[in-house]
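# Close look at the chain arrangement
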Amino acid sequence: MFYRLLKYVLIGPFLRLLFRPRIEGLEHIPEDGAAIVAGNHLSFSDHFLMPVVLKRRITFLAKQEYFTGPGIKGRLTAAFFRSAGQIPVDRSGKEAGKAAIREGLGVLAKGELLGIYPEGTRSHDGRLYKGKVGVAVMALTAGVPVIPCAMVGTFEIQPPGKVLPRIMRVTIRFGEPLDFSRFAGMENEKAVVRAVTDEIMYKILELSGQEYVDDYAAKVKARGSAEG
C-alpha cells in the first residue's frame, strides 16, 4: 500500500515533473511473472527513477548501509526503504553474498520483479564496471529472464557525494529480455555464471554507451582511496 502511495502520490509525480524521464523499451518488461531487471548504477537517484517508470512493482536488493545510517537522516532513509519493500543486503563477504541470493530468489519465487545492480556499488566515475555473478546465479536457479537496463544522465544529476540532484532530463532504456534457459542447472559452474554475467553487462553497455572497466568497482575505489 505504501509503495503505491510513494509511487503515484508522494514521490512519483514529483520526479516525473522534475526529470521528465525519456523511457525506451518499456515493452520489454513482462506484464506478469518473475524476471530480473539488471541495471547500471550511477546515482542514488537510480533507486527512485527506475521504479517510477515501471508499471509493475519492483523490489531491489539495497545495501545494508541504507538501513543502518545514524541520526535523523539515517532513520528517515531506513524508514523509506523499508516502507518501499526494499531488501537490505550485507555486502561484507562470501556468506553475505549467499544470503543476498536467497533473498532475491524469494522475490522471484513469488512471481515478482527483482531489481539488481550487478556492479555491486555505484560507479564513482561514470564508467561501467565488471559485474558480480550473483545476478547469473539467480537467473539460472530461478529460470527467469534478465532485462538489461541503462540509466543515462543520472550520474550528471547526482554523482556520489552530491546531496541535492541537479534538475536535468534523464533517459531510462530497457533492452530485450535475455534468455539463459540453455544453461539450466548450471548455476554452480563458475565459467558459466561468469559468461552469463559478462553477457548481461555487455547488453547494459550497449544500452548505456559507457566506457567499460574490466575490474570490480569496489576494488578500483579502494585502490584510489589507498593511493590518495
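The structure under discussion appears in the preceding block.
Okay, so let's go over this structure. (Residues numbered from 1 in each chain as written. Predicted model: local features only at pLDDT ≥ 70, side-chain atom pairs only at ≥ 80, totals over all residues. Heavy atoms only, no water.)

### Comments concerning the overall build of the protein chain
Applicable threshold: Here a strand is any run of E in DSSP of at least two residues, a helix any run of H or I of at least four, and the numbering for each starts at the N terminus. Between buried and exposed lies partly exposed: a residue is buried under 20% and exposed over 50% of the maximum accessible area for its type, with that area taken using a 1.4 Å probe on protein chains only. In what follows, a contact means two residues having at least one pair of non-hydrogen atoms within 4.5 Å. Computed with the Shrake-Rupley method and a 1.4 Å probe, the accessible areas treat only the protein chains shown as cover for residues.
What the protein chain contains, in helices and strands, is 10 helices and 9 strands. Counting every position in the protein chain, which comprises 228 residues, the buried fraction comes to 48%. Taking all contacts inside the protein chain whose residues are at least 6 apart in sequence as the whole, residues at least 24 apart take part in 79%. Summing over all exposed atoms, the protein chain offers an accessible surface of approximately 11500 Å²; the carbon and sulfur share of this is 56%.

### Some remarks on the packing of helix α7 (residues 134–142) against helix α9 (residues 190–208)
Test applied: Helix axes are fitted to C-alpha atoms over the stretch in contact, other axes to C-alpha atoms as well, and angles between N-to-C directions run from 0 to 180 degrees. Between 65 and 115 degrees an angle is taken as roughly perpendicular, under 35 as roughly parallel, over 145 as roughly antiparallel, and anywhere else as oblique. Gly falls in the polar group here, along with every residue not listed as nonpolar (Ala, Val, Leu, Ile, Met, Phe, Trp, Tyr, Cys, Pro) or charged (Asp, Glu, Lys, Arg).
For the pair α7 and α9, the least separation of the axes is 8 Å and the interaxial angle reads 105°. Comparing the axis directions of α7 and α9 gives the class roughly perpendicular. When α7 is examined against α9, the residues Val 135, Ala 136, Val 137 and Leu 140 are found in contact with a partner set consisting of Val 192, Val 193, Val 196, Thr 197 and Ile 200. Grouping the constituent residues of the contact of α7 with α9 by class yields 8 nonpolar, 1 polar and no charged.

### Things to note about the sheet that holds strand β7 (residues 146–152)
Operational definition: Two strands form a pair only when DSSP identifies at least two bridges running between them.
Strand order in the open sheet formed by 7 strands is β1-β8-β7-β2-β5-β3-β4, and the pairing between neighbours is mixed. The two strands at the open ends of the sheet, each matched to only one other strand, are β1 (22–24) and β4 (87–89). Sheet twist, expressed as the average angle between the axes of neighbouring strands with direction ignored, equals 25°. Where β1 and strand β8 (residues 171–174) come together, 3 bridges link them in parallel fashion. Directly across from Arg 22, in β8, lies its bridge partner Thr 171. Packed on one face of the sheet, α9 meets β2 (35–39), β7 and β8 and runs near 35° to β7.

### Considerations on helix α3 (residues 46–53)
Here α3 lies mainly inside the structure; 8 of its 8 residues are buried. Residues of α3 that are buried include every one of Asp 46, His 47, Phe 48, Leu 49, Met 50, Pro 51, Val 52 and Val 53, and no others.

### Notes on the side chain of Lys 130
Inclusion rule: For the purpose of charge, His is not counted, nor are the chain termini; Lys and Arg are scored as positive and Asp and Glu as negative. A pair is scored as a salt bridge if a Lys or Arg side-chain nitrogen falls within 4 Å of a carboxyl oxygen belonging to Asp or Glu.
In this fold, Lys 130 is placed in the loop between β6 (128–129) and α7. For Lys 130, which is buried and forms no salt bridge, the nearest opposite charge comes from Asp 214, at a distance of 4.5 Å. The residues touching Lys 130, leaving out its near neighbours within four places in the chain, are Pro 118, Glu 119, Arg 194, Tyr 212, Val 213, Asp 214, Asp 215 and Tyr 216.

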